[in-house]
Amino acid sequence: MYTLEVSGVTKYFGKACALDNVNFQVSDSELFALVGPSGSGKTTILRIICGLETADSGKVILDGRNISKLEPGARNISMMFQSPYGLLPFLNVFDNIAFGLKTRRLDSSGIEMRVVGVAHTLGIYHLLQRKIAHLSGGEQQRVALARLLVRETALSIFDEPLSHIDAHQRQHTLREILLVHRMKHRPSIYVTHDHVEAFAVASRIAVLANGRVQQIGTRDELLHTPANLFVAQFMSTPPMNLVYGYLQGAYTQEGMRFRVLSRDFSLPLPMAWTQFIQRNNWPEVVVGVRPEAIVPLGGLDAVAAKSYFRLYAEIVGHEGHEKSITVRLKVGIATELNALMYDMLPENLRTGQRMVVGIDIARLCLFDPRDGRLLLGPQTAVV
Ligand SMILES: Nc1ncnc2c1ncn2[C@@H]1O[C@H](COP(=O)(O)OP(=O)(O)OP(=O)(O)O)[C@@H](O)[C@H]1O
């Protein structure tokens, strides 16, 4: 059974639709991420869950109870806001952490025990008497986490908690958020516009765009079988390469095989797709090629290289990451592809250098350019 169910939530602001029939469920002890670009509806759905905004239709069920009509204070939800985290600057750290407990009328020794306990857990015991204004950004953030941890609520919400944090501090804060989530043994929602952050904390992620849930899935599902072109582009850095073209079938020794004829090359498609393509007769298609499905063929033995489609490319640029390099390749007259390569040194890559690369046919995706929908994915036929 799911602990939180958001069911058919729709919200208009005037004539503009901010949320269109949003559905998702979060199970007990699960950390679920909501990811989407600016204006996709993340804040609106959070405000509806917390009771700060009313939905036009749909409902929010928490622990089996429809809470859609309850006041925010009666919903038993704690939230960590974006910086400055909703902390009260005129109170000290102790009183900020205790704030939510005082409204619940616990006795003072009970409050003190719990505040001191969470302050120890998050390493801020020595700061309890300090004013919020005299804390660093990282310390303020730990106070906000402590305030969320101290209350026994049915749901925790983290709203873009890393948005004002430098890269160095991010890993540390993510670990603390995961610690707080696990200690609570209850469901949490983590909201962000950054897919890397979502992949780091959550096992299931909902991708939101234009007020609609585009797909709910694990990291692998979103990366390798994206439900549509938006997910394929938004959830990956570098984004999935898209090749537009027409389908053409031809008989080979193994049987009928389809290829996509694009401007610069003719890309063979997996044999497993042949039946589906024949049955559907799509006029135009978009082939999605994951950046890591393009590899330098020099490093592969002859047998392994057989399952790759060979291409002659020219390096037009590259950009190094921690463990990989994005190599921008030009193929034919005008096609540019991003390849994500490992075990490659930047000093061995020169602009203008020619390279033989292979595209792993088994990892292709096929989309409908009319509505962006995934037609066929790597192992499974979706149609
Ligand atoms: N009070 C409001 N009145 C009118 N329109 C609103 C209101 N609140 C949000 N919207 C609109 O609803 C849509 C969704 O906004 P929302 O703030 O939920 O997006 P978001 O994904 O949280 O964006 P961001 O990441 O920039 O915070 C946007 O088009 C926004 O302009």
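Please read all numbers here as calculations on a predicted model, not as lab measurements.

What counts and what doesn't
Residues numbered from 1 in each chain as written. Predicted model: local features only at pLDDT ≥ 70, side-chain atom pairs only at ≥ 80, totals over all residues. Helix = DSSP H or I, 4+ residues; strand = E, 2+ residues; numbered from the N terminus. Buried ≥ 20, exposed ≤ 12 C-beta atoms within 10 Å, placed from the backbone. Contact = placed C-beta atoms within 7 Å. Domains from an automatic or database assignment. Near = placed C-beta within 6 Å. Pairing = 2+ DSSP bridges. Axes fitted to C-alpha atoms, helices over the stretch in contact; angles between N-to-C directions. Core = buried A, V, L, I, M, F, W, Y, C linked by C-beta atoms within 7 Å.

*Asks:* Describe the overall build of the protein chain, with residues and values.
*Replies:* What the protein chain contains, in helices and strands, is ten helices and 21 strands. Within the span of the protein chain, comprising 383 residues, buried residues form 35% of the whole. When contacts within the protein chain are restricted to residue pairs at least 6 apart in sequence, long-range pairs at least 24 apart make up 63% of them.

*Asks:* Give a detailed account of the domain arrangement of the protein chain, specifying residues and quantitative values.
*Replies:* In many reports, interface size means the accessible area that the parts give up when they come together. Each domain of the protein chain was delimited in the assignment, giving domain 1 (2–234) and domain 2 (241–376). Taking the mean C-alpha position of each, domain 1 and domain 2 sit 39 Å from one another. At the junction of the two partners, domain 1 supplies eight residues and domain 2 supplies nine residues. No other element matches helix 8 (residues 229–234), which puts three residues into the side of domain 1 that touches domain 2.

*Asks:* Lay out the site of the ligand in plain terms, naming residues and giving numbers.
*Replies:* Around the ligand, the surrounding shell consists of Phe13, Ala18, Gly36, Ser38, Gly39, Ser40, Gly41, Lys42, Thr43, Thr44 and His193. Take the shell around the ligand: its biggest share by element is three residues, from helix 1 (residues 42–50).

*Asks:* An account of the sheet that holds strand 8 (residues 188–192) is requested, with residue identities and associated values reported.
*Replies:* Pairing in this open sheet of six strands is mixed, and the strands run 6-7-8-3-9-10 from one edge to the other. This sheet does not close on itself; its edge strands, each paired only once, are strand 6 (77–80) and strand 10 (212–217). Here the strands of the sheet are splayed against their neighbours by 20° on average, with no regard to which way each runs. As judged from the four bridges shared by strand 6 and strand 7 (residues 155–159), these two strands associate in the parallel manner.

*Asks:* Break down the sheet that holds strand 12 (residues 255–261) for me, with residues and values.
*Replies:* Across the sheet, six strands lie side by side as 13-12-11-14-20-21; this open sheet has antiparallel pairing. Edge positions in the sheet fall to strand 13 (266–268) and strand 21 (374–376), since each has one partner strand and no second. With strand direction ignored, the average angle separating the axes of adjacent strands in the sheet is 45°. Judged from the six bridges that link them, strand 11 (residues 241–252) and strand 14 (residues 284–289) form a sheet pairing that is antiparallel. Following the sheet pairing, Gly245 is matched in strand 14 by Val285.

*Asks:* Give me the lowdown on the nonpolar core, citing residues and values where you can.
*Replies:* In this structure, Ile97 and Ala146 are the most contacted members of the largest nonpolar core, which totals 98 residues. Tallying contributions element by element places helix 4 (residues 137–150) first for this core, with seven residues. Inspection of this core shows a minimum of three residues originating in each of domain 1 (2–234) and domain 2 (241–376). The contact partners of Ile97, leaving out residues within four places of it in the chain, are Val115, Val118, Ala119, Val143, Ala146, Arg147 and Val150.

*Asks:* An account of the pairing of strand 11 is requested, with residue identities and associated values reported.
*Replies:* Bridging between strand 11 and strand 12 involves seven bridges; their strand directions are antiparallel. Paired with Tyr251 across the strands is Met256, a residue of strand 12. Where strand 11 hands over to strand 12, the hairpin turn is made up of two residues, counted between the paired strands.

*Asks:* Go over unusual backbone geometry with me, naming the residues and quoting the values.
*Replies:* The peptide bond linking Thr237 to Pro238 adopts the cis configuration, its omega dihedral lying at -5°. Note that Pro238 resides in the loop between helix 8 and strand 11. Phi is positive for Asn21, close to 50°, though the residue is something other than glycine. By the secondary structure assignment, Asn21 is in strand 2 (residues 16–27). Accessibility expressed as a C-beta count within 10 Å gives 14 for Asn21, which makes it partly exposed. Non-glycine residue Asn76 carries a positive phi angle of around 60°. With respect to the helices and strands, Asn76 occurs in the loop between strand 5 (65–66) and strand 6. For Asn76, a count of 16 C-beta atoms within 10 Å corresponds to the partly exposed category.

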